[in-house]
Amino acid sequence: MDIHNIGGGVSVDDVVKAHMADLRVQSKYDVSYLRYWVDEDRGKIFCLAEAPSAEAAHAVHREAHGLVADEIYQVQEGS
């Protein structure tokens, strides 16, 4: 799970475009971006991905659109 902090807020439309760019690049790094959540007013984006490493997930964002995550966490799903 990664977290992006975008000063001044962010629009869902812009996040959709960035996510689509991630999907075009992700296979190059053996990454699969699964879901994302957006808090437009606070400028927060949360991305869930399966990746071999944090560096691979970071590389997808960097190449796809340049909006690299401020934080990356390895998480496990619970019920």
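Look up: the structure comes first, before these words.
These numbers were taken from a predicted model, which means no experiment stands behind them.

1. Brief notes about a nonpolar patch on the surface
Turning to step 1, where the next piece is worked out: A grouping of V12, V16, M20 and L23 is seen on the molecular surface, where their side chains present a nonpolar patch of about 270 Å² in accessible area.
Turning to step 2, where the next piece is worked out: By the secondary structure assignment, V16 is in helix α1 (residues 12-25).

2. Points about the pairing of strand β3 (residues 44-50)
Turning to step 1, where the next piece is worked out: Relative to β3, strand β1 (residues 2-5) is paired through 4 bridges, and the arrangement is antiparallel. Residue pairing across strands places N5 opposite K44, the latter belonging to β3.
Turning to step 2, where the next piece is worked out: The sheet contact formed by strand β2 (residues 32-39) and β3 spans 7 bridges and is antiparallel. Bridge assignment links V38 to a residue of β3, and that residue is I45.
Turning to step 3, where the next piece is worked out: Counted along the chain from β2 to the antiparallel partner β3, the turn is 4 residues long, and its residue G43 has a positive phi close to 65°.

3. Here we look at the nonpolar core
Turning to step 1, where the next piece is worked out: V10, V15, V25, V31, Y33, I45, C47, A56, A57 and V60 together form the largest nonpolar core, which totals 10 residues.
Turning to step 2, where the next piece is worked out: Every element with two or more residues in this core is listed here: α1, β3 and α2 (54-64).
Turning to step 3, where the next piece is worked out: Sort the elements by how many residues they give to this core and α2 lands first, with 3 residues.
Turning to step 4, where the next piece is worked out: Ignoring anything within four residues of it in the chain, the contact list for I45 reads D2, I3, H4, I6, V10, V15 and W37.

4. A short note on the pattern of salt bridges
Turning to step 1, where the next piece is worked out: A complete count under the given rule lists 2 salt bridges for this structure.
Turning to step 2, where the next piece is worked out: Where K28 meets E63, a salt bridge forms, and the shortest distance between an N and an O atom there is 3.2 Å. One end of the pair, K28, is in the loop between α1 and β2; the other, E63, is in helix α2, with 35 residues separating them in the sequence.
Turning to step 3, where the next piece is worked out: Between D39 and R42 there is a salt bridge whose closest N-O contact spans 3.3 Å.
Turning to step 4, where the next piece is worked out: Given the relative accessible area of 23%, D39 is considered partly exposed.

Rules used in this analysis
- Residues numbered from 1 in each chain as written.
- Predicted model: local features only at pLDDT ≥ 70, side-chain atom pairs only at ≥ 80, totals over all residues.
- Heavy atoms only, no water.
- Patch = residues over 30% accessible without salt bridge, like charges linked within 9 Å, V, L, I, M, F, W, Y side chains within 5 Å.
- Areas by Shrake-Rupley, 256 points an atom, 1.4 Å probe, with all protein chains shown as cover.
- Salt bridge = Lys/Arg side-chain N within 4 Å of Asp/Glu carboxyl O.
- Helix = DSSP H or I, 4+ residues; strand = E, 2+ residues; numbered from the N terminus.
- Pairing = 2+ DSSP bridges.
- Core = buried A, V, L, I, M, F, W, Y, C linked by side-chain atoms within 4.5 Å.
- Buried < 20%, exposed > 50% of the residue type's maximum accessible area, 1.4 Å probe, protein only.
- Contact = heavy atoms within 4.5 Å.

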